[in-house]
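If you want the building blocks of each chain, they are given just below.
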Amino acid sequence: MASSNPETESNNGSSIAKEPEKPQIEAFRMPTMEEMRAQEVWNNCAVRSVASGVMGGGLGLMMGMFLGALDNPIMQEEMTGRQQFMYTMRQMGQRSWSSAKAFAVMGLIFSAAECVVEKARAKHDTTNTVVAGCVTGGTMSAKGGPKAACAGCAGFAAFSVLIEKFLDRHT
Amino acid sequence: MAANNPTGVDKEQAFGMAETEMEYRVELFNRLAQTCFNKCVDKRYKESELNMGENSCIDRCVSKYWQVNSMIGQLLSAGGRPPM
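Quick notes on the rules
- Residues numbered from 1 in each chain as written.
- Chains lettered and ligands numbered in written order.
- Predicted model: local features only at pLDDT ≥ 70, side-chain atom pairs only at ≥ 80, totals over all residues.
- Heavy atoms only, no water.
- Helix = DSSP H or I, 4+ residues; strand = E, 2+ residues; numbered from the N terminus.
- Contact = heavy atoms within 4.5 Å.
- Areas by Shrake-Rupley, 256 points an atom, 1.4 Å probe, with all protein chains shown as cover.
- Phe/Tyr/Trp six-rings, centres within 6.5 Å; stacked < 30°, edge-to-face > 60°.
- Buried < 20%, exposed > 50% of the residue type's maximum accessible area, 1.4 Å probe, protein only.
- Buried area = accessible area lost by both parts, 1.4 Å probe.
- Salt bridge = Lys/Arg side-chain N within 4 Å of Asp/Glu carboxyl O.
- Polar contact = N/O pair within 3.5 Å; in protein donor to acceptor, adjacent residues only side chain to side chain.
- Nonpolar A, V, L, I, M, F, W, Y, C, P; charged D, E, K, R; others polar.
- pLDDT = per-residue confidence, 0-100.
- Disulfide = S-S within 2.5 Å.
- Axes fitted to C-alpha atoms, helices over the stretch in contact; angles between N-to-C directions.
- Left-handed = near helix turned anticlockwise from the far one by under 90°.

Draft legend 1. Highlighting the overall build of chain A. For chain A, the helix and strand inventory stands at six helices and zero strands. Along chain A, helices (α) and strands (β) appear in the sequence α-α-α-α-α-α when read from the amino end. Long-range contacts, defined as pairs at least 24 residues apart, comprise 56% of the intrachain contacts of chain A with a sequence gap of at least 6. On chain A, roughly 12,300 Å² of surface is accessible, and the fraction owed to carbon and sulfur atoms is 66%.

Printed below as a string of C-alpha cells:
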C-alpha cells in the first residue's frame, strides 16, 4: 500500500494537463496510542454527558436571550430610553439564565441515560433513544406527580425519536 | 549442525517452532477479528466511526473469545486427548 502512493502522484503530475485531477487515495495507517486514547475520551459516559450539558446550556442561553429580547416591558411610557434598555437587558438575562439551566439539565440527563443504556445493551438502536427520552421527560416532570411523570416520559420519548429520525434521514 | 548447539535445540527446529507459533497467532487474530466483526457490527454502514454500542460489543466479544481460546488451549495441552 505504501508503494502505490508515489505511483499515483507521479501519474497525476504527468497527466494533469490532459485530465481533471483524480482524488488522491491515502494509504491506511493504524491509529497510534494517542489517537486511540483521544477516541477513548469520547467513549466515557461522564465526558459525553457533561459536553451535552454544556451544549444544552449554550442552546438555552441563545434561546432565552432571543425570547427575552422579544418581550416588551410593561411600563413603556414612564421610563426613559436608557432605563428601558436596562430593563430589557435584565429581563433577557433572567430568561436566558433560567432557560440555560433547564436545557443544560435536560441535555445532561438525556446524554447520560442514552450512554449508559447503549453501553449496557451493546447495540446501537432507537430503543436507547426511547429509554433515554422517557427518563429525561420523567425526571423533568416528576414534580407534578406520577401521572405527569408518565405523560412527560411518553411525550419526550416521542419527541426524541422524531428528532433522531430527522437527523438521520439521509441514511 | 547439532555439534554447534550444546543446548540440544536445533536452530532450524527453533525457527520451525517460531514459524508455527506465528502462523497460529496470525490465524487466531484473523478469526477473532472476523467473528467479532460479523457479530457486532451492523452491515448497513451509517457512519465510519464505531459507535459506543459496537465498541462495548467488541470489548465483550474479544474478551470471551480470548478466554475460551486459552481455556481450550490449556485443556488440549494438558489432557492430550479431548475427553469426548
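Draft legend 2. Inspection of the packing of aromatic side chains at higher detail. Residue and element names in this part refer to chain A. All chains considered together, the criterion is met by two aromatic pairs over all chains. Ring centres of F110 and F156 lie 6.3 Å apart, and the angle between their planes is 65°; on these two criteria the pair is classed as edge-to-face. In this pair, F110 is assigned in helix α4 (residues 81-121) and F156 in helix α6 (residues 146-167), connecting sequence segments 46 residues apart. Just as F110 is buried, F156 falls in that class too.

Draft legend 3. Structural view of the interface of chain B and chain A. Taken together, the contact pairs nine residues of chain B with 11 residues of chain A. Taken together, the two surfaces of chain B and chain A that pack against each other cover about 890 Å², and 55% of this comes from carbon and sulfur. Its largest share of buried area at the contact with chain A, chain B owes to M52, G53 and R60 of chain B, together 54% of the area lost on that side. Taken together, the connections running from chain B to chain A amount to zero salt bridges. At the junction of chain B with chain A, the criterion picks out five residue pairs in polar contact (both at pLDDT 80 or more). In the side of chain B that touches chain A, the residues fall into two nonpolar, four polar and three charged.

Draft legend 4. Seen up close, the confidence of the model for chain B. Overall, the predicted model of chain B reaches an average pLDDT of 88, with 85% of residues at or above 70. Across the predicted assembly, pTM comes out at 0.76 and ipTM at 0.74.

Draft legend 5. Quick peek at the state of the cysteines. Residues and elements named next belong to chain A. Overall, the coordinates contain four disulfides over all chains when judged by the stated rule. With a sulfur-sulfur separation of 1.9 Å, C45 is cross-linked through a disulfide to C115. Its torsion about the S-S bond being -95°, the disulfide of C45 and C115 is classed as left-handed. Placement of C45 in helix α3 (residues 45-70) and of C115 in helix α4 is noted, with a sequence separation of 70 residues between them. The residue that forms a disulfide with C134 is C153, at a sulfur-sulfur distance of 1.8 Å. Taking the sign of the S-S torsion, -90° for the link of C134 and C153, the bridge is left-handed. Taken together, the residues span a long stretch of sequence, with C134 in helix α5 (residues 127-140) and C153 in helix α6 at a distance of 19 residues.

Draft legend 6. Structural context of the packing of α4 of chain A against α5 of chain A. Residue and element names in this part refer to chain A. Viewed as axis vectors pointing N to C, α4 and α5 meet at an angle of 140°, and their least axial separation amounts to 8 Å. Considering how the two elements wind past one another, α4 and α5 form a crossing that is right-handed. Contacts between α4 and α5 involve M106, I109, F110, A113, E114, V117, E118 and R121 from the former and T127, N128, T129, V131, A132, G133, V135, T136, T139 and M140 from the latter. Residue composition of the contact of α4 with α5, grouped by class: nine nonpolar, six polar and three charged.

Draft legend 7. Molecular detail of the pattern of salt bridges. Residues and elements named next belong to chain B. A full pass over the atoms with the stated rule returns four salt bridges over all chains. Close ionic contact of E21 with R25 constitutes a salt bridge, the shortest N to O distance being 3.2 Å. Taken together, the residues span about one helical turn, with E21 and R25 both in helix α1 (residues 11-40) at a distance of four residues. Overall, R25 belongs to the partly exposed group, its relative accessible area being 41%.

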